[in-house]
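Letter by letter, the chains look like this.
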Amino acid sequence: MHVIVVGAGPSGLSLSLALAQEGVEVTLLERDSTVSDAPRAAHMMVPAIQILRRAGVLEDVREAGFFAKNMAWRKLDGTTIVTIEDVGQSKSPEAMTVLPLSHLGKIMLAHAEKNSKISLKWGHRVIDVGQDENSAWAIIQQEDGTEKKITGDFLCGCDGGASQVRKSLLGARNFPGKTWDVQLVATNVYYPFDKFGYDDMNNIIHPEHCHVVMRLTKDGLWRVSYQEDTNLTFQQVVDNQPAKFEQILPGHPKPGDYTLVNLNPYRMHQRCAEKFRVGRICLAADAAHLCNPWGGLGLTGGFADVTGLAECLVGIATGQADHSILDKYDEVRRSIYNSIIDPISTKNFYRASKLDPDTAIENDPVLAMLATAKNNPKVKEDLEKSIYNLCYDFTQHYNNKS
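Quick notes on the rules
Residues numbered from 1 in each chain as written. Predicted model: local features only at pLDDT ≥ 70, side-chain atom pairs only at ≥ 80, totals over all residues. Heavy atoms only, no water. Salt bridge = Lys/Arg side-chain N within 4 Å of Asp/Glu carboxyl O. Helix = DSSP H or I, 4+ residues; strand = E, 2+ residues; numbered from the N terminus. Pairing = 2+ DSSP bridges. Phe/Tyr/Trp six-rings, centres within 6.5 Å; stacked < 30°, edge-to-face > 60°. Buried < 20%, exposed > 50% of the residue type's maximum accessible area, 1.4 Å probe, protein only. Arc of directions from axis to C-beta. Contact = heavy atoms within 4.5 Å. Polar contact = N/O pair within 3.5 Å; in protein donor to acceptor, adjacent residues only side chain to side chain.

### Topic: the pattern of salt bridges
Applying the stated criterion across every chain yields a total of 16 salt bridges. Close ionic contact of Lys117 with Glu25 constitutes a salt bridge, the shortest N to O distance being 3.3 Å. Residue Lys117 is located in the loop between α4 (101-114) and β8 (118-121), and its partner Glu25 is located in strand β2 (residues 25-29); the two are separated by 92 residues in the primary sequence. Overlapping salt bridges bring together Asp194, Asp200 and Arg215 as one network.

### Some remarks on the sheet that holds strand β6 (residues 80-84)
Sheet architecture is open: eight strands sit in the order β6-β5-β14-β15-β16-β13-β17-β20, paired in mixed fashion. On the outer flanks of this sheet lie β6 and β20 (289-290), each paired with one strand and no other. Pairing of strand β17 (residues 259-272) with β20 involves two bridges; the strand directions are antiparallel. Among the inter-strand pairings, Arg271 is bridged to a residue of β20, identified as Leu290.

### With respect to the packing of aromatic side chains
One pass over the full model with this rule turns up 13 aromatic pairs. For the pair Phe193 and Trp222, a centre-to-centre distance of 4.9 Å together with 50° between the ring planes defines the contact as tilted. Of this pair, Phe193 sits in the loop between β13 (177-190) and β14 (201-204) while Trp222 sits in strand β16 (residues 221-228), and the two are 29 residues apart along the sequence. For the pair Phe193 and Trp222, a shared accessibility class is recorded, and that class is buried. One aromatic cluster is present, formed by Tyr191, Phe193, Phe196, Tyr198 and Trp222 through successive ring pairs.

### Describing the pairing of strand β9 (residues 125-131)
Sheet topology note: the β9/strand β10 (residues 136-141) ladder contains six bridges and is antiparallel. By the bridge assignment for β10, Val129 is matched with Ala138. The loop that links β9 with its antiparallel partner β10 comprises four residues.

### Topic: helix α10 (residues 365-373)
All buried positions along α10 are accounted for by Leu367, Leu370 and Ala373. Taken around the axis of α10, the buried residues stretch over an arc of 115°, which confines them to a single face. Against the buried residues of α10 lie β5 (71-74), β6, α8 (325-354), α9 (360-363) and α11 (377-385). Residue Asp364 occupies the N-cap position of α10, its side-chain oxygen lying 3.1 Å from the main-chain nitrogen of Val366.

### What about the environment of Met96?
Structurally, Met96 is set in the loop between β6 and β7 (97-98). Placed 34 residues apart in sequence, Met96 and Arg62 show a C-alpha to C-alpha distance of 9.7 Å. In this view, Met96 contacts His43, Met44, Met45, Phe66, Phe67, Ala68, Val87, Gly88 and Met201; residues no more than four positions away in its chain are not counted.

### Structural notes on the sheet that holds strand β4 (residues 66-67)
Taking strand neighbours across the sheet as the criterion, the three strands line up as β3-β7-β4 in an open arrangement whose pairing is antiparallel. The two strands at the open ends of the sheet, each matched to only one other strand, are β3 (43-44) and β4. Bridge count for β4 against β7 is two bridges, and the pairing is antiparallel. Residue pairing in the sheet places Phe67 in a bridge with Thr97 of β7.

The following block contains the structure:
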């Protein structure tokens, strides 16, 4: 079987590797010339660990990354509201692993380039997709402007929130949901947060200055993501960044006190495609759905999609499932977005941006539960197991499951 995967981001690369590990031929199409190094997510929870293990890269990822320890919710002055200890479940085989996606992409790319089952095509911009009873195809435009048709048995759109696969499949403006009236600015910075008692993961609750501070690498790189006025231009965001850091970060640093590596403003969305499968063409991860980044459910849900899609396609390739398993993929993954990812990520953002930090535990049942979990092992265990609600075993729908 030959599968075309569009998009060489984390979802496209992991899907390609997982399929190739099972003997499926993959053509991976990417419009850019290499993997992205923009500031993006870094915290890989259970669904990510599952697909990275299936893709054969988990050992390398864990060697490069680290296990997250504690997560805290804080006031703007750094005072702790509540802390979860060992949030990454470091002793579990599926422990949360932290590694920036730019680093992860390079590791997966190195594996893909060595895999004879994967044909990676850089500078191949998909401009349309199509299908018939027996095949699916992508019409691509190369860097010199020439167009060609690439055909396979199935096509998977893993090409991000602006997915051309989704637009060609469902309509250019058909992506139901909303765009938040928020401009989020993601930065990567070297600054000694440890000196101020910060944990590996920190959520700062404030109606105007809510932000996150997350350790990204073993050498001291941190992610700081904060809100900005939606009316500001990119240059205005850049110009305002020093004042923003001085206002919200512990120690009120001046530019000479830290090293800013990246800055990337973007808008937040809550959107879900009306279908994740049409015939031989499927959508996954950001191409299928978007959510705000509070809680990391965008990346996590995307990896859960890819794990399920890999199981479905491998089932078809090995004769253990027919094409109807892709209807189950569509049904289950959309249901999980609508019932879990969308409402929980929305509540996560409201928790950070709407609560009064002085009464947060009294007024928020989740924070109250986290406070209880510190001294109640059963509550903590239930919280740790809740991440598995994003997962689904599609092999249970195989016709000849051994």
